[in-house]
Amino acid sequence: MEKLPNLKIAFFGTSDRSLPILDSLNSNFYLVLVVTKTDRKIGRKQTIKRTAVKDWTLDKNIPLVELDKFKEGEAEKIVALFREYDIDYGIVADFSYIVPKELCAVLYGKLINIHFSLLPKYRGASPVQYAILSGDKSTGVTLQLLNFKIDSGDILQTIEYPISSKATSGELYKKLFEISAEKLPKILAGYYSGDIRSIKQDPGLISYTYSRSHNKNTFIYKEDAKIDWKNSSVEIERAIRAFNPWPIAWTTIEDLNSQQARSVLIGQGVNKKFIGEGHKIVKIYEADVVEGKLKPITIQLEGKTKTDWESFLNGYYK
RNA sequence: CGCGGGGUGGAGGAACGGCACCUCGUCGGGCUCAUAAUCCGAAGGUCCCGGUUCGAAUCCGGGCCCCGCAA
């Protein structure tokens, strides 16, 4: 394997799935700074949960900066640290904050974002979910130079990756992080040496991952995951995978009893119906398409634990 | 102490002071070349500890456990 240059790297990220990237950067270059989100209260007990990124960084004794948000003066601090540590590049992946314009401007060319689609397709916060939702056969990862406008930066490299017919968003994200971690060192080295040069995005191919329920917003909302029984079984099954592990596709007892739902679901007698309060939410974690019909596998009724579809029918379908 | 729902045979659910019921599974038997089909029969249950009551799955108090929202 060819020798990689001795680059000094900073990492901006929060997601637990970043760990492979951290490992990769740390073992191939000098990882000298990690920027992450402050600890949050989480769960029913509202206990403080430390991010895996924070644990990893403290464990390796690498300088850590925690941000609550980019507040006044925070960007300048980061720039100062880039100077102090003589940092060559900053890698930004699933950071959960928008990097301020001034930082993009001052450090332009040094900040590289890992985006989980083949840009310029699916700009925005939920690229993997929309790739699955749309039934795409493949998606991928794009390394782009961080620009003041979200996901509009010049592209260093794209890496295509197939979407299996069973893939959930969670699984695919994990995979794409791993691919990124694997390919990142060579790409950074190539960019550094000048072998890789950035290219502009094709304006004709731009698309965004707009929420169905919140106009002009690219995040996923719970309302987006409500199952529309007017859709085909294939589309619904894709939605179930796209919204796993969050927020999980859902419907209600009432909606399950609708004609539309019955025409999509498999194996239900017409004279039978679901009992229970109509407003109760039923989450569908996993489903198959069998003979053109939707066959749920794992479901969960509000307040209850997860169970399989057959058991649910035994109790609720009369 | 963020808000809320819930623990009933092996699984999923009814019953909400008065004989614990239903669907599925399990076991035995019948019918079948055979069967996840069908018929007959059987076993097996109220999370734990107190309290109220003639009587508690049900009401009250205290535990333990599960889950949704929120973040």
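Definitions and limits used
- Residues numbered from 1 in each chain as written.
- Chains lettered and ligands numbered in written order.
- Predicted model: local features only at pLDDT ≥ 70, side-chain atom pairs only at ≥ 80, totals over all residues.
- Heavy atoms only, no water.
- Phe/Tyr/Trp six-rings, centres within 6.5 Å; stacked < 30°, edge-to-face > 60°.
- Lys NZ or Arg CZ within 6 Å of the ring centre and 35° of its normal.
- Helix = DSSP H or I, 4+ residues; strand = E, 2+ residues; numbered from the N terminus.
- Buried < 20%, exposed > 50% of the residue type's maximum accessible area, 1.4 Å probe, protein only.
- Salt bridge = Lys/Arg side-chain N within 4 Å of Asp/Glu carboxyl O.
- Arc of directions from axis to C-beta.
- Contact = heavy atoms within 4.5 Å.
- Domains from an automatic or database assignment.
- Buried area = accessible area lost by both parts, 1.4 Å probe.
- Polar contact = N/O pair within 3.5 Å; in protein donor to acceptor, adjacent residues only side chain to side chain.
- Nonpolar A, V, L, I, M, F, W, Y, C, P; charged D, E, K, R; others polar.

Describing the packing of aromatic side chains
Under the criterion given, the structure shown has 10 aromatic pairs. The rings of Phe12, Phe82, Phe95 and Tyr97 are connected pair by pair, giving a single aromatic cluster. The positively charged end of lysine 306 is found above the aromatic ring belonging to tyrosine 285, 4.3 Å away from the centroid.

A few points about unusual backbone geometry
For the peptide bond that leads from asparagine 244 to proline 245, omega is 15 degrees, which places it in the cis range. Its place among the elements puts proline 245 in the loop between α7 (233-242) and β10 (249-252). Cis geometry marks the peptide bond from tryptophan 246 to proline 247; its omega dihedral reads 0 degrees. With respect to the secondary-structure elements, proline 247 resides in the loop between α7 and β10. One non-glycine residue, asparagine 61, lies in the positive phi region at around 65 degrees. Relative to the helices and strands, asparagine 61 is located in the loop between α2 (52-59) and β5 (64-67). Take asparagine 61: its relative accessible area is 70%, and that puts it in the exposed class. Even without glycine at this site, aspartate 151 takes up a positive phi of about 55 degrees. Following the sequence through the fold, aspartate 151 ends up in the loop between β8 (138-145) and β9 (155-162).

So, the pattern of salt bridges
Counting across every chain of the model gives 12 salt bridges. Residue aspartate 154 pairs with lysine 200 through a salt bridge whose shortest N-O separation is 3.3 Å. Residue aspartate 154 is located in the loop between β8 and β9, and its partner lysine 200 is located in the loop between α6 (169-193) and α7; the two are separated by 46 residues in the primary sequence. With a relative accessible area of 13%, aspartate 154 lands in the buried category. A salt bridge links lysine 174 to glutamate 178; the nearest nitrogen and oxygen atoms lie 3.2 Å apart. Highlighted residues: lysine 174 and glutamate 178, both in helix α6, separated by four residues, approximately one helical turn. Residue class for lysine 174 comes out partly exposed when judged on its relative accessible area of 47%. When salt bridges with common partners are traced through the structure, they connect Lys174, Lys175 and Glu178 into a single cluster.

Some remarks on helix α1 (residues 19-28)
Within α1 the residues assigned to the buried category are Ile21, Leu22, Ser24 and Leu25. Buried residues along α1 cover an arc of 165 degrees about the axis, so they all sit on one side. If you follow the buried residues of α1, they end up packed against β1 (8-13), β2 (30-37), α2, β6 (89-93), β7 (111-115) and α6.

Details of the domain arrangement of chain A
Domain boundaries in chain A define domain 1 (8-205) and domain 2 (223-313). Put simply, the middle of domain 1 and the middle of domain 2, counted by C-alpha atoms, are 35 Å apart. With 12 residues of domain 1 in contact, the opposing surface of domain 2 contributes nine residues. Across the domain 1 to domain 2 interface the summed buried area is about 840 Å²; carbon plus sulfur atoms make up 52%. Here domain 1 is connected to domain 2 by one salt bridge. One salt bridge in this structure joins lysine 166 and aspartate 288, with 2.6 Å as the shortest N-O distance. Counting across the interface, domain 1 meets domain 2 through eight residue pairs in polar contact (both at pLDDT 80 or more). Only α5 (127-133) and α6 provide two or more residues apiece to the side of domain 1 that touches domain 2. No other element matches α5, which puts three residues into the side of domain 1 that touches domain 2. Partitioning the side of domain 1 that touches domain 2 into residue classes produces three nonpolar, eight polar and one charged.

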